[in-house]
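Take a look at the letters that make up each chain.
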Amino acid sequence: MIESQLFTVIVYTENSVSLLNQVSIVFTRRGLNIESISAGPSSIEGVHKYTITCRGERSLLEKVITQIEKRIDVIRAYLFTDNDVVYQEVALYKVSTESLVDEPNLEGILRRHNANILEITRDYTVVEKMGHSDETQALLEALQPFGILQFTRSGRVAVTKGSEERLTNYLIDREALRQERIEDGRADLS
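Residues numbered from 1 in each chain as written. Predicted model: local features only at pLDDT ≥ 70, side-chain atom pairs only at ≥ 80, totals over all residues. Heavy atoms only, no water.

Caption draft 1: Examining the pattern of salt bridges more closely. Within this structure, the stated rule accounts for six salt bridges. In this structure, the salt-bridge partner of Glu35 is Arg55, at a minimum N-O distance of 3.3 Å. With Glu35 in strand E2 (residues 34–41) and Arg55 in strand E3 (residues 48–56), the pair connects residues that are 20 residues apart, well separated along the chain. In this structure, the salt-bridge partner of Glu89 is Arg153, at a minimum N-O distance of 3.8 Å. (Salt bridge = Lys/Arg side-chain N within 4 Å of Asp/Glu carboxyl O. Helix = DSSP H or I, 4+ residues; strand = E, 2+ residues; numbered from the N terminus.)

Written as structure tokens, this is what we have:
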């Protein structure tokens, strides 16, 4: 039996209504659960980036990439393992200020987990932690005795390892091909 592993799928798109829904349906149809998703602008003006994490077999996720790329507003999609990307998540924890006031080791807990206090009010304190999901989970467990009022963790944000952006290279190659077709008299309408 082939073992399931966590993959990061990065999808570059135009900013179109309902495209995120169309992309997520590709996963659903294959019986895959999206573990996290983050969407926002990329470094290229007018191009948006979805960063999706999903557990599955490589061969199945390669088929997902092929299906995603068939969407008209999708520019390109890529499949990565954790070794291929640098990634982080952000977690916010809201804890009762009253429960923290008498804790002599609070500063030690926050330092050990490399966390920051974002806001303190009479009623609550908001703590921020950036890191991998196991790190944000560890701080959640450390703060449990103080009574977690709210907790949220973002989806993964990631950049590829290496000095070149794959999408930039793809767009350069595509433009060169288009120019070549124009020069050959085979105008490309795409």
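So much for the structure itself; the text now carries on.
Caption draft 2: Quick look at the environment of Gln88. Inspection of the secondary structure puts Gln88 in strand E5 (residues 85–96). The sequence separation of Gln88 and Arg76 amounts to 12 residues, and the corresponding C-alpha distance is 22 Å. Setting aside anything within four residues of it in sequence, one finds Gln88 in contact with Met130, Gly131, His132, Gly155, Arg156 and Val157. From its side chain, Gln88 meets the backbone nitrogen of Gly131 in a polar contact 3.1 Å long. (Contact = heavy atoms within 4.5 Å. Polar contact = N/O pair within 3.5 Å; in protein donor to acceptor, adjacent residues only side chain to side chain.)

Caption draft 3: Main features of the layout of surface pockets. Roughly 210 Å³ of volume is contained in the largest pocket. Residue lining of the largest pocket: 14 residues in total, with Leu6, Glu35, Glu89, Ser133 and Arg156 positioned closest to the centre. Counting only elements with at least two residues in the lining of the largest pocket, the list comes to E2, E5 and helix H5 (133–143). When its residues are assigned to classes, the lining of the largest pocket shows two nonpolar, six polar and six charged. What the second largest pocket holds in volume is close to 180 Å³. What lines the second largest pocket is a set of 16 residues, among which Pro41, Lys49, Thr51, Val157 and Ala158 lie closest to the centre. With four residues, E2 is the single largest residue contributor to the lining of the second largest pocket. (1 Å grid on protein atoms, 1.4 Å probe; cavity = no way out; pocket = protein on both sides within 12 Å on 5 of 7 lines; lining within 4 Å. Points joined across faces, edges and corners; volume = space filled by probe spheres on them. Nonpolar A, V, L, I, M, F, W, Y, C, P; charged D, E, K, R; others polar.)

Caption draft 4: Local environment of the environment of Ala176. Positionally, Ala176 belongs in helix H6 (residues 166–183). Judged by relative accessible area, Ala176 falls into the partly exposed class, the value being 45%. The spacing of Ala176 and Thr81 is 95 residues in sequence and 30 Å in space, taken between C-alpha atoms. (Buried < 20%, exposed > 50% of the residue type's maximum accessible area, 1.4 Å probe, protein only.)

Caption draft 5: Molecular detail of the packing of aromatic side chains. Going through the model one piece at a time under the given rule, you end up with three aromatic pairs. Judged by centre distance (5.1 Å) and plane angle (40°), the ring pair of Tyr93 and Phe151 falls under tilted. Separated by 58 residues along the polypeptide, Tyr93 in strand E5 and Phe151 in strand E8 (residues 148–153) bring together distant segments of the chain. Members of the aromatic cluster, connected to one another through ring pairs, are Tyr12, Tyr78 and Phe80. Cation over ring: Lys94 sits above Tyr124, and NZ or CZ is 4.5 Å from the ring centre. The residue whose ring lies beneath Arg156 is Tyr87, and the NZ or CZ to ring-centre distance is 3.5 Å. (Phe/Tyr/Trp six-rings, centres within 6.5 Å; stacked < 30°, edge-to-face > 60°. Lys NZ or Arg CZ within 6 Å of the ring centre and 35° of its normal.)

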